[in-house]
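Reading the structure
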Amino acid sequence: MNDMRLTEKVVTETAKITARGVQVHYGTNHALKDVDVDILDKTVTAFIGPSGCGKSTFLRCLNRMNDTVASARVTGRIEMDGQDIYDPRVDPVQLRAKVGMVFQKPNPFPKSIYDNVAYGPKIHGLARGKAELDEIVETSLKKAALWNEVKDRLAAPGTGLSGGQQQRLCIARAVATSPEVLLMDEPCSALDPIATAQVEELIDELRAQFSVVIVTHSMQQAARVSQRTAFFHLGHLVEYGETGHIFTNPTDPRTEAYITGRIG
Amino acid sequence: MSLGLLLLLLLALGALGFLAGRQRALAAVRGDARDLHSLPGYYGQTVALFATVPALLLCLVWLVVQPAIVERSISALILPEDITAGSSLVLVMSDVRRIAEGMDALAVAGAASEGEIAALVGQPDALKERLAQTGVALAAPILPHIAEAAQVWRAQTALGGQIMAAAVLALAVAGFLLALWRIAPEFRARNVVERFVRVLLVAASSVAILTTIGIIFSLVFESWHFFQLYPARDFFLSLTWAPKFGGGSDLGLWPLLWGTLYVSFIALLVAVPIGLMAAIYLSEYASPAVRAVAKPAIEVLAGIPSIVYGLFALMTVGPFLRDWFAQPLGLGDSSSSVMTAGVVMGIMLIPYVSSLSDDIINAVPQSLRDGSYGLGATQSETIRQVVFPAALPGIVGAILMAASRAIGETMIVVLGAGAAAKLDLNPFEAMTTVTVKIVSQLTGDTEFASPETLVAFALGLTLFVFTLGLNILALYIVRKYREQYE
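Residues numbered from 1 in each chain as written. Chains lettered and ligands numbered in written order. Predicted model: local features only at pLDDT ≥ 70, side-chain atom pairs only at ≥ 80, totals over all residues. Heavy atoms only, no water.

A short note on the overall build of chain B
Along chain B, the regular secondary structure elements total 17 helices and 2 strands. The C-alpha radius of gyration of chain B comes to 32 Å, more than 25% above the 23 Å expected for a compact globule of 486 residues. Seen through its principal axes, chain B has C-alpha atoms that stretch 85 × 80 × 40 Å. Across the 486 residues in chain B, those meeting the buried criterion constitute 41%. Restricting to contacts in chain B with at least 6 residues of sequence separation, those with at least 24 account for 74%. Only carbon and sulfur atoms are counted for the fraction: they give 69% of the accessible area of chain B, which is about 25,100 Å². For chain B, the distance from the average position of its 28 positive side-chain charges to the average position of its 34 negative side-chain charges is 12 Å. (Helix = DSSP H or I, 4+ residues; strand = E, 2+ residues; numbered from the N terminus. Rg over C-alpha atoms; globule rule 2.2 N^0.38 Å. Buried < 20%, exposed > 50% of the residue type's maximum accessible area, 1.4 Å probe, protein only. Contact = heavy atoms within 4.5 Å. Areas by Shrake-Rupley, 256 points an atom, 1.4 Å probe, with all protein chains shown as cover. Lys, Arg positive; Asp, Glu negative; His and termini not counted. Charge placed at Lys NZ, Arg CZ, Asp CG, Glu CD.)

Encoded structure:
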């Protein structure tokens, strides 16, 4: 963390991820323009903004998921713990084990609940035996606040759970590889209010272990769960700062217009 | 009036109906189409449909029913003494029909006037000669009574044709006028056309279903005949296949069924791994440009006629397998073998497996792949552990469909595997399959009443039950798989 530019940018605790001058093109479409952000460790950061503003695109840069899109081109510099994640020496597959991701629509694999959670640890060889794997599955499910609901039916298919349970299963699945950062792309948009409340509570608990980045369309949700908020508009990062500050006293007129409901 | 002219008239009436209906609808609202319930074209279509469809149906029914009625009335004219020894009513009737057709041909060619033909009826030998000149050769001498029956036949058929033409045209005109009379601005022509379309579609699917039912019935009926002549127990349990066209044959199913299953098994052994891997490459790894070229290229294999594959088996694969595998390994020296047919059939099945599997793998939601990549899995880990298990039921369905095709395949086996019915484990031996034996039992001059011929139907039925079972299983599995993502 001895990057000189960092100090002039934000005055805070440790930055987990620093992004400088990040640009993304999908073919001829310039989706993200010159974004600079520091994601703090053990903090929930919310990305808000109208649809198509680039917030999900930026999120997908952080674990190089954009690599799987053939037309995407990412430039600029993104560092995690001082290491450039777009460096040719970095294996994107390894990176994604450290930067977990939860998607908009719950996407459990068509396997048992147990196998869904054990998937990551198995492919990365994290467990040294059946007992250890059982333990990882149990802790992950506990962290995702799902253990009590499914402990008696770990062999049942993950697709048979309710929407909210499925999403928590996906969170448990991501947590099981012990990531350092957890990216969540509108994790509650397919859930009912009760399931949403459970997931939000969970996000707040997860903050104790790693930094969480959440993309959301709900400004109430951003205000409830995050400590820091970034507002994106038309591919630009318009404003980034403490959540309370952004919502009560935005500096940029566009941010104010968005949070008061006049744009977006 | 000839049938062609009648149909042409009907079409003309339909076209006229379209124009008249359209015109009348527009006239009813003084040219402002917005006041009509439907677009003007629908009124035209309604009149055209009313004019042509009932008339065509009548025509169709008439064409089916009339010959049956004429045949019955002529049969009544045939006296017992007209049926000579060794003949039967059916054969005599077919003679009557041929003589009548010959007389028609004479009349049409202008070789004889109606008067001359009537005169010829009294002189059977002269009649036979004249008929032979027009290409209708009859073996037995013509009896005068039979020639008269043929004459009656002609008269009745001609009369029937005239009545039909009149009835059909009358119905067409009636439909035309009725539809035209009903046209009013509030007449729901659009809905009428809609109903017609629906009936048409129902009719089309019924044809397919009824044909299937007809095929099954004919198979069951003939198989029933076979089992009257040959004990079912021997057919299903005997291990020997040795048909003798003098009687006393052994017609055991097992050597043929074994050959079928063995060849199909080898074919699937070739087609499934290659087809599946090709499908995985195409759906997961290939760039859109490669896919656009490679997918149609593989599907070209499906367009090659199976007889061409058979030639390939006979000329290339068979000798190759014999020279490089069977003879060096001491397993036989026949170029026709189960292996040859199986390998070539496998190549033929590759596009079935790959194309169906490719569609099924593509149907696995992208979100599952994203989920797996997001956990740090590589592409092949994702395919093996997430995509493939998710697609498995569908892939099994695809394989079963390929299997039922392999079981029904004939040409490749005829040319590749030989015709010897045996129960053997050696894949380099010549063997044969159910389909090949069906062909060989039915070709040549054979009587349709011996068990040696009728066995073909029992074999066909067995095969049908087999593939039907496989297809039902495949459909069931595929459907179950579809429900998973809905």
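Next comes the rest of the write-up.
Some words on the interface of chain B and chain A
Contact with chain B, which involves 18 residues of that partner, is made by 21 residues of chain A. The junction of chain B with chain A conceals about 1,500 Å² of combined surface from both sides, 64% of it contributed by carbon and sulfur atoms. If you look at where chain B meets chain A, you find 0 salt bridges. Our count for the contact surface shared by chain B and chain A stands at 5 residue pairs in polar contact (both at pLDDT 80 or more). (Buried area = accessible area lost by both parts, 1.4 Å probe. Salt bridge = Lys/Arg side-chain N within 4 Å of Asp/Glu carboxyl O. Polar contact = N/O pair within 3.5 Å; in protein donor to acceptor, adjacent residues only side chain to side chain.)

Quick word on the sheet that holds strand β7 (residues 181-185) of chain A
Residues and elements named next belong to chain A. Taken in spatial order, the 6 strands of this open sheet run β6-β7-β8-β3-β9-β10, and their pairing is mixed. One side of each edge strand has no neighbouring strand; the edge strands of this open sheet are β6 (99-102) and β10 (236-242). On average, adjacent strands in this sheet sit at an angle of 15° to one another, irrespective of strand direction. In this structure, strand β3 (residues 44-48) lies alongside strand β9 (residues 228-233), joined through 4 bridges in parallel fashion. When the bridges of β9 are listed, Ala46 appears paired with Thr229. The sheet strands contacting helix α7 (residues 163-175) are β6 and β7, and the helix crosses β6 at an angle near 170°. (Pairing = 2+ DSSP bridges. Axes fitted to C-alpha atoms, helices over the stretch in contact; angles between N-to-C directions.)

Side note on the pairing of β10 of chain A
Residue and element names in this part refer to chain A. Bridge analysis of β9 against β10 gives 6 bridges, and the strand direction is antiparallel. Note on β10: the bridge partner recorded for Phe232 is Leu237. Here β9 folds back onto β10 in antiparallel fashion, the turn holding 2 residues, of which Leu234 has a positive phi close to 50°.

Here's the deal with the domain arrangement of chain B
Residues and elements named next belong to chain B. The domains assigned to chain B are domain 1 (3-187), domain 2 (189-229) and domain 3 (236-483). Computed over C-alpha atoms only, the centres of domain 1 and domain 2 are separated by 25 Å. On the domain 2 side, the residues contacting the 10 residues of domain 1 number 6 residues. For the pairing of domain 1 and domain 2, the buried interface totals around 740 Å² over both sides, and the portion due to carbon and sulfur atoms is 79%. Looking only at domain 1, the three residues that lose the most surface to domain 2 are His37, Tyr42 and Leu49, adding up to 49% of its buried area. Between domain 1 and domain 2 we count 3 residue pairs in polar contact (both at pLDDT 80 or more) in total. Residue composition of the side of domain 1 that touches domain 2, grouped by class: 6 nonpolar, 4 polar and no charged. (Domains from an automatic or database assignment. Nonpolar A, V, L, I, M, F, W, Y, C, P; charged D, E, K, R; others polar.)

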